[in-house]
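# Fold and contact review
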Amino acid sequence: MDQQPELNPDFLEPSVLLDETHYQEGYKNGYNDGLASGKEEGRQVGLKMGFQVGEELGFYQSCLDVWASAVHIDQNAFSHRVRKNIEQLAALLSSYPLSDPEDERVQDMMGKIRLKFRVITASIGAKLDYEGRPASSKQDVEDI
Amino acid sequence: MALPGDAEGVTASVAELRIGLEASSAQETEIALPGNVGGVAAAEDDDIWGDASDSPDHASTLDREWIHRKNQFHKMGYRDGITEGQKDSAQEGFNVGFRQSVHVGYKWGLVRGVTSALASLPDRLKEKLLPSVHCREKLQNLHNSVQELSAGDALNMFHESINHPSGEAHVASGEDPNRLTSLSKDLVVLLHECPDVKVNEELG
């Protein structure tokens, strides 16, 4: 009985080693294929997300530009409070790291930008909303 | 998935069964060998009945078992490997795609934002920013065209333009993937006539 544990591995070793080799061989092939397909799949998701995030931020940015243009030709276009909010939105938008999707702050910043935008449109009574946002883009952010 | 797996199982057990049988017949041959000393006829008998372990049939069964086992482990490794590989490269791919599209989307968002924001201004402000009636009309038309495209449409057009840069595919989808570009060009041209509206330089 004492010899059994020593004997067994000796007996199994060659076939186990071979199995391991075949496993490793398959793993290597799979890993390389996975690298390629994973990168392409990730790219497709990134293309979609990038366009959506870009579109939403561009939308807010140019609304801001239009309001700033209005203030520029007419100081009293908007109330002091609204102008303050416009400035804050401008600061938020300019600090958004557009080219760095891995930045951990992006979700938080997007939330603040949306909120600030809603505050402004509500106070100037503008019927303005970025209509691309509902469901899809929000869901995707959570998926990733 | 269940069916091929079952079939594999059956093949495996059949192979094991055969190996078991052949192992026992090999034993019999060994035992019969000492009797061989007696006569040539016995040896001939052995050639005919006892040599199953050397026959091509036996070899191919072993080969099959061997290949099956090899494939099984190869397949297991492949499955684990592909998952791991995908995990390791997905983020990199995502970043590549994101950086490729974010500025295109941004530019299109600028178009949507300018036309929407101008349209939503109270008339008093709109007239100050766009003194020319002609400009206001053109902008309203442009705004309508932009509004006809949902965010989903825009995304699809962008996708088309990336997959078929030559634009030959739009016949099939019924949408012109270059529409985003042409609308944003229209806006840039129009804004040249409205110097008071100052927008982000990325639009031009």
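Each chain has its residues counted from 1, following the order in which its sequence is written. Here the convention is simple: chains get letters from A, ligands get numbers from 1, in the order in which they are written. In view of the model being predicted, local features appear only for residues whose pLDDT reaches at least 70, and side-chain atom pairs are presented and counted only at 80 or more, with totals across whole chains, interfaces and linings using the full set of residues. Side-chain measures here rest on the full set of heavy atoms in the structure, leaving out hydrogens and waters.

## Quick notes on the overall build of chain B
Rules: Secondary structure follows DSSP: runs of H or I at least 4 residues long count as helices, runs of E at least 2 residues long count as strands, and numbering of each begins at the N terminus. Residue burial is assigned from relative accessible area. The probe radius is 1.4 Å, only protein chains are included, and a residue is buried under 20% of its type maximum, exposed over 50%, and partly exposed in between. Every residue pair with non-hydrogen atoms within 4.5 Å of one another is taken to be in contact. Areas reported here follow the Shrake-Rupley algorithm with a probe of radius 1.4 Å; residue values treat only the protein chains shown as occluding.
Secondary structure assignment for chain B yields 8 helices and 0 strands. When burial is assessed residue by residue, chain B has 31% of its 204 residues classed as buried. The long-range fraction of contacts in chain B, counting pairs at least 24 apart against all pairs at least 6 apart in sequence, stands at 65%. Approximately 12,000 Å² of chain B is accessible, and the part contributed by carbon and sulfur atoms is 57%.

## Here we look at the pattern of salt bridges
The condition that has to hold: Here a salt bridge means any side-chain nitrogen of Lys or Arg lying within 4 Å of a carboxyl oxygen belonging to Asp or Glu.
In total, this model carries 12 salt bridges over all chains according to the counting rule given. Two residues, Glu 55 of chain A and Arg 112 of chain B, come together in a salt bridge whose shortest N-O distance is 2.8 Å. Remark: Arg 112 of chain B occurs in helix H3 (residues 56-120) and Glu 55 of chain A occurs in helix H1 (residues 4-73); the pair is interchain, linking two chains. By the burial criterion, Glu 55 of chain A is buried, and Arg 112 of chain B matches it.

## Digging into the interface of chain A and chain B
How we decide: In short, buried area is how much 1.4 Å probe accessible area vanishes from two parts on joining, totalled over both. Polar contacts, as used here, are pairs of N or O atoms within 3.5 Å; protein pairs need one atom able to donate a hydrogen and one able to accept it. Residues neighboring in sequence count only if both atoms are side-chain atoms. Classes in brief: Ala, Val, Leu, Ile, Met, Phe, Trp, Tyr, Cys and Pro nonpolar; Asp, Glu, Lys and Arg charged; the others, Gly included, polar.
With 60 residues of chain A in contact, the opposing surface of chain B contributes 62 residues. Summed over both partners, the interface of chain A with chain B buries about 5,200 Å², with 67% contributed by carbon and sulfur atoms. We note a salt bridge from Arg 69 of chain B to Asp 19 of chain A, for which the minimum N-O separation is 2.6 Å. Summed over the shared surface of chain A and chain B, the number is 33 residue pairs in polar contact (both at pLDDT 80 or more). Split into classes, the residues belonging to the side of chain A that touches chain B amount to 25 nonpolar, 21 polar and 14 charged.

## A word on the layout of surface pockets
Residue and element names in this part refer to chain B. To be explicit about the condition: In this analysis a 1.4 Å probe is tested at points of a 1 Å grid over the protein atoms alone, and where it fits but cannot get out there is a cavity; an open set with protein on both sides within 12 Å along at least five of seven lines is a pocket; lining residues have an atom within 4 Å of a point. Grid points are joined across faces, edges and corners, and a volume is the space filled by probe spheres set on the points.
Each pocket or cavity is described by its volume, and for the second largest pocket that value is around 210 Å³. Secondary structure elements with two or more residues in the lining of the second largest pocket: H3, helix H6 (151-163) and helix H8 (179-192). The class makeup of the residues in the lining of the second largest pocket is 6 nonpolar, 4 polar and 1 charged.

## Considering H8 of chain B
Residues and elements named next belong to chain B. Counted only if it meets this: Helices are assigned an expected span. That span is 1.5 Å times one less than the residue count. An arc is given here, and it is the one of the directions from the helix axis to the C-beta atoms.
In a regular helix each residue adds 1.5 Å, so 14 residues correspond to 20 Å; H8 covers 20 Å between its end C-alpha atoms and thus fits that length. Of all the residues in H8, the buried ones are Leu 180, Leu 183, Ser 184, Leu 187, Leu 190 and Leu 191. For H8, the arc enclosing every buried residue in end-on projection is 120°, short of the 170-degree limit, so these residues lie on one face. With respect to the buried face of H8, the exposed residues turned more than 90 degrees away are Lys 185 and His 192.

## Considerations on the nonpolar core
Which entries qualify depends on this criterion: Residue types Ala, Val, Leu, Ile, Met, Phe, Trp, Tyr and Cys, when buried and joined through side-chain atoms within 4.5 Å, form a set referred to as a nonpolar core.
Counting residues in hydrophobic clusters, the biggest one holds 63 residues, and the most contacted among them are Leu 57, Trp 67, Phe 78 and Tyr 96 of chain A together with Trp 108 and Leu 118 of chain B. Listed by contribution, the elements that provide at least two residues to this core are H1, helix H2 (80-94) and helix H3 (106-124) of chain A together with H3, helix H4 (123-129), helix H5 (133-148), H6 and H8 of chain B. Broken down by element, this core gets its largest block of residues, 13 residues, from H1 of chain A. Once residues within four sequence positions are removed from consideration, Tyr 96 of chain A is found in contact with Val 53, Leu 57, Val 106, Met 109, Met 110 and Ile 113 of chain A.

## A word on the packing of H2 of chain A against H3 of chain A
Residue and element names in this part refer to chain A. Basically, it comes down to this: Axis lines are fitted through C-alpha atoms, for helices just across the contact stretch, and the angle between N-to-C directions can take any value from 0 to 180 degrees. Orientation is classified from the angle alone, with under 35 degrees giving roughly parallel, over 145 giving roughly antiparallel, 65 to 115 giving roughly perpendicular, and any other angle giving oblique. Left-handed describes a crossing in which the near helix is turned anticlockwise from the far one by less than a right angle; the clockwise case is right-handed.
Relative to each other, H2 and H3 sit at 155°, their axes nearing to 10 Å. The orientation of H2 relative to H3 falls into the category roughly antiparallel. In this structure, H2 meets H3 at a crossing whose hand is left-handed. Judged by residue contacts, Arg 81, Val 82, Asn 85, Ile 86, Gln 88, Leu 89, Leu 92 and Leu 93 of H2 engage Met 109, Lys 112, Ile 113, Lys 116, Phe 117, Val 119, Ile 120, Ser 123 and Ile 124 from H3. When grouped by side-chain class, the residues that make up the contact of H2 with H3 number 11 nonpolar, 3 polar and 3 charged.

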